[in-house]
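So the chains spell out like this:
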Amino acid sequence: MTVWDTVVGQGDALDPLISAVEGDRAMTHAWLITGPPGSGRSIAARAFAAALQCPSGGCGECHACRTVVAGAHPDVTIVATEKVTISVDEVRSLVSRAQSAPSEGRWRVIVIEDADRMTERTSNVLLKAIEEPPPRTAWVLCAPSLHDVATTIHSRCRVVTLRIPSVGVVAQLLVERDGVEPGLARECALAAQSHIGVARRLARDPEARARRERVLALASEVRGVGDAVLAAADLASVADDEAKSATVERDAAEVAELYVTLGVEVGERLPPALRAQVRQLEEDQKRRATRARRDVLDRALLDLLSLYRDIAIVQTNAAVALINEGHRDRIESLAERATIGDTLGVMDAIGIARERLAGNVAPVLALEAMLLALRPRVA
Ligand SMILES: [Zn+2]
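Residues numbered from 1 in each chain as written. Predicted model: local features only at pLDDT ≥ 70, side-chain atom pairs only at ≥ 80, totals over all residues. Heavy atoms only, no water.

Peer 1: Quick one: what's the story with the overall build of the protein chain, residue by residue and with numbers?
Peer 2: Helix and strand content of the protein chain: 15 helices and 5 strands. Summarising its shape, the C-alpha atoms of the protein chain cover approximately 70 × 55 × 40 Å along the three principal directions. Buried positions account for 45% of the 379 residues belonging to the protein chain. Contacts spanning at least 24 positions in sequence make up 70% of the contacts within the protein chain whose residues lie at least 6 apart. (Helix = DSSP H or I, 4+ residues; strand = E, 2+ residues; numbered from the N terminus. Buried < 20%, exposed > 50% of the residue type's maximum accessible area, 1.4 Å probe, protein only. Contact = heavy atoms within 4.5 Å.)

The structure is reproduced here in structure tokens:
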């Protein structure tokens, strides 16, 4: 299995990357890989970095390939941020690293997985580095679309556009790579709407499937204002728990590491000069937690939206497969009790809630307003 086989369902979209690896003439110093969430941008970036280091163009077996994919190659730096923004200091340190020649590989490669999370000022720091890179340095940026990156940046990059893989391709990947049973693989690929990472989590984690079931159940459980208020609080606290379970351990490890760097014992009183650094880390962690909570909630709303999309399909007799085929009974009964106008109204309410959550509205308030729209209409 070559490194390119890990990027599924892309057809010829990867050709520019592959031909750049094969002949140095087509190589360029700045790349931008775009594609919707779940299309495999970061996997493609790693595959490209591995193929650039590999003596046989990305065999997937050699030391270079394996260390790059594992994120451990000394000449490949991968920036995967869970913070809201990438700081200007971070980019400055990448720029200085980009100046040095590769130590053991053929290229020094710097991958920025969330290039859309840079402010204009930060982009400007990066811009200079991309314009005049040393001969053996390659930058690989990833973002959902061209519009998410400053024009000055993307106009200097060669752009590779990924597409959403089909449900069948994602299901097959789950079966072949993760050993998931084919029926479950297909169900999860459908439920995740081909988002590879989400599909894999659903397939491997029964709790993630249970959480999804709980979200879908809201559609038939919310019957009055009281239900909506309770359900909003419930949904927000599930998101809190999930976000916390994902970050608590790492937060503690980061604090411990910073103390070691500063030469202080954990629990010891910090000299005032060092407090700012600890405070900075704590603020970063708080931002990361906020972002994780928002991502979890947004995923839940997308799940709920998929259920109403299915209801609309049944109501209009459209010849399209249901995303939530396993819930057909519930979908048909909800479809019978409402008009297509009601269903579209709910879908609008979910869309508005997603926008509000992306802004700065308190999650419980945004969720309450949305859940009120789920109440059955009285004829
Ligand atoms: Zn290799």
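After that view, the rundown keeps rolling.
Peer 1: Any details on the coordination of the zinc ion? Residues and values, ideally.
Peer 2: Tetrahedral coordination by four donors sets the ideal angle at the metal to 109.5 degrees; octahedral coordination by six donors sets it to 90 or 180 degrees. All of the protein donors around the zinc ion are Cys 54 (SG), Cys 59 (SG), Cys 62 (SG) and Cys 65 (SG); their distances to the metal are 2.3 Å. Classification of the site at the zinc ion as tetrahedral follows from its 4 donor atoms and the range of 104 to 117 degrees in their angles at the metal. Counting along the primary sequence, the residues that act as donors to the zinc ion give the motif C-x4-C-x2-C-x2-C. Residue Cys 59 is classed as partly exposed on the basis of its relative accessible area of 22%. (Donors = N, O, S within 2.8 Å, 3.2 Å for Na, K, Ca; no water. Tetrahedral: all angles 85-135°; square planar, octahedral: opposite > 155°, others 65-115°.)

Peer 1: So what's going on with the pairing of strand S1 (residues 30–34)? Residues and values would help.
Peer 2: Among the 5 residues in S1, 5 count as buried, and that is most of the element. Where burial is concerned, the two faces of S1 agree: the one with Ala 30, Leu 32 and Thr 34 and the one with Trp 31 and Ile 33 are both buried. With 5 bridges connecting them, S1 and strand S4 (residues 137–143) associate as parallel partners. For Leu 32, the partnering residue across the bridge sits in S4 and is Leu 141. Two strands pair when backbone bridges link them, and S1 and strand S5 (residues 158–161) are joined in this way by 4 bridges, in the parallel orientation. Bridging from a neighbouring strand, Leu 32 pairs with Val 159 of S5. (Pairing = 2+ DSSP bridges.)

Peer 1: Tell me about the nonpolar core, residues and numbers included.
Peer 2: In terms of nonpolar packing, the biggest core is built from 33 residues, with Tyr 308, Ile 350, Leu 367, Met 370, Leu 371 and Leu 374 touching the most fellow members. Mapped onto this core, the elements with two or more residues apiece are helix H10 (206–221), helix H11 (225–262), helix H12 (272–315), helix H13 (328–337), helix H14 (340–358) and helix H15 (363–372). Element by element, the count of residues in this core is highest for H12, at 9 residues. Leave out the neighbours within four places in its chain, and Ile 350 touches Leu 301, Leu 304, Leu 305, Tyr 308 and Met 370. (Core = buried A, V, L, I, M, F, W, Y, C linked by side-chain atoms within 4.5 Å.)

Peer 1: A description of the side chain of Asp 310 should follow, citing residues and the corresponding values.
Peer 2: Among the structural elements, Asp 310 can be located in helix H12. Setting aside its immediate chain neighbours within four residues, Asp 310 contacts Leu 322, Ile 323, Asn 324 and Ile 331.

Peer 1: Any details on the environment of Arg 156? Residues and values, ideally.
Peer 2: By the element assignment, Arg 156 lies in the loop between helix H6 (151–154) and S5. C-alpha of Arg 156 to C-alpha of Leu 127: the two residues are 29 residues apart in sequence and 8.5 Å apart in space. In contact with Arg 156, not counting residues within four places along its chain, are Ala 30, Leu 127, Ile 130 and Glu 131. Among the polar contacts listed, one links the side chain of Arg 156 to the backbone oxygen of Thr 152, at a separation of 2.7 Å. (Polar contact = N/O pair within 3.5 Å; in protein donor to acceptor, adjacent residues only side chain to side chain.)

Peer 1: Describe the state of the cysteines, and please don't skip the residues or the numbers.
Peer 2: Counted by the stated rule, this structure contains 0 disulfides. With no disulfide of its own, Cys 157 lies closest to Cys 142 among cysteine sulfurs, the gap being 11 Å. For Cys 157, a relative accessible area of 11% corresponds to the buried category. (Disulfide = S-S within 2.5 Å.)

Peer 1: How would you explain the pattern of salt bridges if you had to name every residue and give the values?
Peer 2: Under the criterion given, the structure shown has 15 salt bridges. For the salt bridge of Asp 178 with Arg 204, the shortest nitrogen-to-oxygen distance reads 3.3 Å. Of this pair, Asp 178 sits in helix H7 (residues 167–178) while Arg 204 sits in helix H9 (residues 196–204), and the two are 26 residues apart along the sequence. Taking the shortest distance from any N to any O, the salt bridge between Arg 328 and Glu 325 comes out at 2.8 Å. Residue Arg 328 is classed as partly exposed on the basis of its relative accessible area, which comes to 32%. Residue class for Glu 325 comes out partly exposed when judged on its relative accessible area of 38%. The network of salt bridges with common partners includes Asp 178, Arg 200 and Arg 204. (Salt bridge = Lys/Arg side-chain N within 4 Å of Asp/Glu carboxyl O.)

Peer 1: Just give me the short version of the environment of Ala 373, but keep the residues and values in it.
Peer 2: Within the secondary structure, Ala 373 sits in the segment after H15. The exposure class assigned to Ala 373 is buried, which follows from its relative accessible area of 17%. When the C-alpha positions of Ala 373 and Ser 237 are compared, they lie 20 Å apart, and in sequence the two are 136 residues distant. Beyond its immediate sequence surroundings of up to four residues, Ala 373 is in contact with Val 346 and Ala 349.

Peer 1: Talk me through helix H8 (residues 182–191); I want residue IDs and the actual numbers.
Peer 2: Every buried residue of H8 is accounted for by Leu 184, Ala 185, Cys 188, Ala 189, Leu 190 and Ala 191. For H8, the elements touching its buried residues are H7, H9, H10 and H12. Its side-chain oxygen at 2.9 Å from the backbone nitrogen of Gly 183, Glu 181 defines the N-terminal cap of H8. Of the residues flanking the end of H8, it is Gln 193, one or two places downstream, whose phi is positive at about 50 degrees.

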